Amino acid sequence: MPENENIVLPPKYYHDYFNYLLDFVKDKYKHLLNEGEWRFLRKYYGLSEDAQCLYIRFTNRRGLFFKTDKLVYEELSDIPLLLEELKNKEFIEDLDEKHQGFIPDLLHHCTKADLLKISTEKGIRSKPKPEIVEILREKEEPIEILQRIKDLYSLIKVNFEYETTFLRFLFFGNRYMDMTEFVVRDLGFVQYFQHDDDKLVARFETRKDAEDKWMLTDQADLFEQLKKTESPEEIYDWFDTFTDTIHDLSEVAKPSLERLKLKVARHLERSNSLELAVEVYKTCDLPQAKERRVRCLTKLKSFDEALQLCEDMIANSTNADEHFFAKDFSERMLKNKKRRKKLTTEKLHEAERITIPKIYRGQVELGTIEHYMQEGKYAIFSENHLWRGIFGLVFWDIIFDPSLVTFHHPFQRRPSDLHLPDFYEKRKEIIHEHLASFDSTDELLIYMRNKYVEHEGIANPFVIWMEGIWEGIRIATQFIGLEKLKDILVHISKDIAENSRGFPDLFVWDEEGYEFIEVKSPTDNLSNRQLYWLGYFEDNGVNARVLRVFFEEK
């Protein structure tokens, strides 16, 4: 990785980044830009370079309003002249009466001392700033607040805020990434797998795709605001009305809708509005929704409906958390059957027990490693990163294959369909052909080692470039063997989100053999996903077990 302390970015680095983004969007999305966005681009290219730089400085900062007397940028020599150019070209405007709808943004710029000057209320000096802001908004007329702010500051508002935000959104495919991604890359903090720009494809095929995804982001932001002020009933009414208006939602936006449904339902559940929560959970296709729905139904004493849902989950779910939860929960609900321990609890009670010094409280895995080392064995942390590391190295070229139309910008760490069901379906043939090309464990190890050396340090959604990771991967691969590894890798690929987690904590070995160990302290529970992998390993001849670890009294 580059030594970032030796890297110095050029004075107008942000100008290069922004222009690259615009060129990229014009190339990939020219078919869906509207007249407003083309107008912005024409006017932007008509600015002088320094005026472009000042405008970019504004758009890279939070908020729409800026104090002109606080603007100092070493690379820009005559800021007052640049402000005048931006005003003449409509990129900024002075504060005036039409900005009354932006009072919250404007008050955010004020210090507490300034707020006290703006307010006519008495006895508020001791109150915190947020309370003073609320008092101002309740007691003062917006036009009066606006005028008093103008008397305090020289403020300008930045225009084309929608166009610039939307162009960034098209570039990144989301609204949580921003221009700092360029800086992080160029300072060497993150190395991305490099695709040629001509191999990157548009995230959105149509304007509707982009607008649907944008709309879901807006609604998610709105929900976060509504949670703070509205009742559960009002939130449900908002959500019900909103979802009723959705017709023919684009495929690219559907995962965002499902995540929003789950968030809304969880909020209603936590607010004890269980009936409303159940109604939202019914509409959600994410695995967690059915479990939460069963829990809500049980609290509502709708036991028959809850049991029926559990039976459906047992029969049809491929999700381990759902499956084991449903089995345990239905057993407990059946009144004519003796209540028994959860499957995860049974597995724990069957486990071997050891004791370690009490100095390892809070570091139980480390204490267990020390225990095995005293027995003359080797032990390392493995958990998810070892198995994910094997997966990432074996399938590196498949993960980063641009021909699969899943890479859309140069800062993408993973294919856009990684956690979608069609990840495996789209690559099934390639995955099996690739694995079939290895005739021995040694061939697989040589291939993985070459990928490790070639790409070390490059961001991969599976490989963590930590000290000792390759040695652990090498030894585990040798012990497990080619055919078992092939089966496990295919199984992971069928459901990345679920099947790439829940692996045992430790990998332990000596000359005689190996084990994967799931370590549990006296207060620790076994998760359904951990139970799933222990069962899978047992069925497929991989040595793995649970170990209960207690602490010595003396």
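From a predicted model like this one, the values you see are computed outputs, not experimental measurements.

1. Details of helix H27 (residues 528-539)
Here is step 1 of the chain: An ideal rise of 1.5 Å per residue puts 16 Å on twelve residues; H27 measures up with 16 Å between its terminal C-alpha atoms.
Here is step 2 of the chain: Count one or two residues on from H27 and you reach Gly541, which has phi positive near 75 degrees.

2. Quick look at the sheet that holds strand E1 (residues 65-67)
Here is step 1 of the chain: Here three strands make up an open sheet; going across it, the order is E1-E3-E2 and the pairing antiparallel. Strands with a single pairing partner mark the edges of an open sheet, and in this sheet they are E1 and strand E2 (92-94). Direction aside, neighbouring strands of the sheet carry axes that sit 35 degrees apart on average.
Here is step 2 of the chain: Where E1 and strand E3 (residues 155-158) come together, three bridges link them in antiparallel fashion. From the neighbouring strand, Phe65 faces E3, where its bridge partner is Lys157.

3. Side note on the packing of helix H13 (residues 254-270) against helix H14 (residues 274-283)
Here is step 1 of the chain: Where H13 contacts H14, the axes come no closer than 8 Å and their chain directions differ by 165 degrees. Considering the angle they form, H13 stands roughly antiparallel to H14. The handedness of the crossing between H13 and H14 comes out as left-handed. Taking contact as the criterion, the partners of Glu258, Lys261, Leu262, Val264, Ala265, Arg266, Leu268 and Glu269 in H13 are, on H14, Leu274, Leu276, Ala277, Val280, Tyr281 and Thr283.
Here is step 2 of the chain: Here the contact of H13 with H14 is composed, by residue class, of nine nonpolar, one polar and four charged.

4. Section: the pattern of salt bridges
Here is step 1 of the chain: A complete count under the given rule lists 41 salt bridges for this structure.
Here is step 2 of the chain: Glu75 is paired through a salt bridge with Arg57; the nearest N and O atoms lie 2.8 Å apart. Remark: Arg57 occurs in helix H3 (residues 49-59) and Glu75 occurs in the loop between E1 and helix H4 (79-88); sequence separation between them is 18 residues.
Here is step 3 of the chain: Residue Lys520 is joined to Glu518 by a salt bridge in which the shortest nitrogen-to-oxygen separation is 3.5 Å. Residue Lys520 shares its accessibility class with Glu518, and that shared class is buried.
Here is step 4 of the chain: Residues participating in the shared-partner salt-bridge network are Asp321, Glu498, Arg501 and Arg529.

5. Let's talk about the side chain of Ser273
Here is step 1 of the chain: On the secondary structure map, Ser273 appears in the loop between H13 and H14.
Here is step 2 of the chain: The contact partners of Ser273, leaving out residues within four places of it in the chain, are Pro232, Glu233 and Leu268.

6. Re the state of the cysteines
Here is step 1 of the chain: In total, this model carries zero disulfides according to the counting rule given.
Here is step 2 of the chain: With no disulfide of its own, Cys284 has Cys296 as its nearest cysteine by sulfur position, at a separation of 12 Å.

7. Things to note about the packing of aromatic side chains
Here is step 1 of the chain: Overall, the coordinates contain 63 aromatic pairs when judged by the stated rule.
Here is step 2 of the chain: Relative to Phe411, the ring of Tyr192 lies with its centre 5.4 Å away and its plane at 85 degrees, an arrangement referred to as edge-to-face. Of this pair, Tyr192 sits in the loop between helix H10 (180-186) and helix H11 (207-229) while Phe411 sits in the loop between helix H21 (396-399) and helix H22 (422-436), and the two are 219 residues apart along the sequence.
Here is step 3 of the chain: Summarising the aromatic geometry, the rings of Phe391 and Phe395 are spaced 4.9 Å apart at their centres and angled 75 degrees between planes, so their arrangement reads as edge-to-face.
Here is step 4 of the chain: Taken together, the aromatic side chains of Tyr378, Trp387, Phe479, Phe503, Phe507, Trp509, Tyr514, Phe516, Tyr532, Trp533, Tyr536 and Phe537 make up a single cluster linked through ring pairs.
Here is step 5 of the chain: Positioned over the ring face of Trp214 is Arg175, at 3.9 Å from the centre of the ring.
Here is step 6 of the chain: Sitting above the plane of the Tyr532 ring, Arg529 keeps its charged end 4.7 Å from the centroid.

8. A look at the pairing of E3
Here is step 1 of the chain: The side-chain alternation of E3 yields two buried faces, one formed by Leu155 and Lys157 and the other by Ile156 and Val158.
Here is step 2 of the chain: Of the strand pairs in this sheet, E2 and E3 are connected by three bridges, and their pairing is antiparallel. Residue pairing across strands places Asp94 opposite Ile156, the latter belonging to E3.

9. With respect to a negative patch on the surface
Here is step 1 of the chain: A grouping of Glu230, Glu233, Glu234, Asp237, Asp240 and Asp244 is seen on the molecular surface, where their side chains present a negatively charged patch.
Here is step 2 of the chain: When you line up the elements, Glu233 lands in helix H12 (residues 232-244).
Here is step 3 of the chain: For Glu233, a relative accessible area of 45% gives the class partly exposed.

10. Remarks on helix H7 (residues 129-139)
Here is step 1 of the chain: Among all positions in H7, only Ile132, Val133, Ile135 and Leu136 are buried. Looking down the long axis of H7, one finds its buried residues gathered within 165 degrees of arc, a one-sided arrangement. In H7, the exposed positions that point more than 90 degrees away from the buried face belong to Pro130 and Glu138.
Here is step 2 of the chain: Each element contacted by the buried residues of H7 is listed here: helix H5 (103-108), helix H6 (112-118) and helix H8 (142-152).

11. Looking at the packing of H3 against H4
Here is step 1 of the chain: Following both chains from N to C, one finds H3 and H4 inclined at 85 degrees, their axes separated by 9 Å at the closest point. By the angle between their directions, the pair H3 and H4 is classed as roughly perpendicular. Seen from H3, the contacting residues are Asp50, Ala51, Leu54, Tyr55 and Phe58; seen from H4, they are Ile79, Leu82, Leu83, Glu85 and Leu86.
Here is step 2 of the chain: Of the residues that constitute the contact of H3 with H4, the class distribution is eight nonpolar, no polar and two charged.

The rules behind each value
- Residues numbered from 1 in each chain as written.
- Predicted model: local features only at pLDDT ≥ 70, side-chain atom pairs only at ≥ 80, totals over all residues.
- Heavy atoms only, no water.
- Helix = DSSP H or I, 4+ residues; strand = E, 2+ residues; numbered from the N terminus.
- Expected span 1.5 Å × (residues − 1).
- Pairing = 2+ DSSP bridges.
- Axes fitted to C-alpha atoms, helices over the stretch in contact; angles between N-to-C directions.
- Parallel < 35°, antiparallel > 145°, perpendicular 65-115°, else oblique.
- Left-handed = near helix turned anticlockwise from the far one by under 90°.
- Contact = heavy atoms within 4.5 Å.
- Nonpolar A, V, L, I, M, F, W, Y, C, P; charged D, E, K, R; others polar.
- Salt bridge = Lys/Arg side-chain N within 4 Å of Asp/Glu carboxyl O.
- Buried < 20%, exposed > 50% of the residue type's maximum accessible area, 1.4 Å probe, protein only.
- Disulfide = S-S within 2.5 Å.
- Phe/Tyr/Trp six-rings, centres within 6.5 Å; stacked < 30°, edge-to-face > 60°.
- Lys NZ or Arg CZ within 6 Å of the ring centre and 35° of its normal.
- Patch = residues over 30% accessible without salt bridge, like charges linked within 9 Å, V, L, I, M, F, W, Y side chains within 5 Å.
- Areas by Shrake-Rupley, 256 points an atom, 1.4 Å probe, with all protein chains shown as cover.
- Lys, Arg positive; Asp, Glu negative; His and termini not counted.
- Charge placed at Lys NZ, Arg CZ, Asp CG, Glu CD.
- Arc of directions from axis to C-beta.

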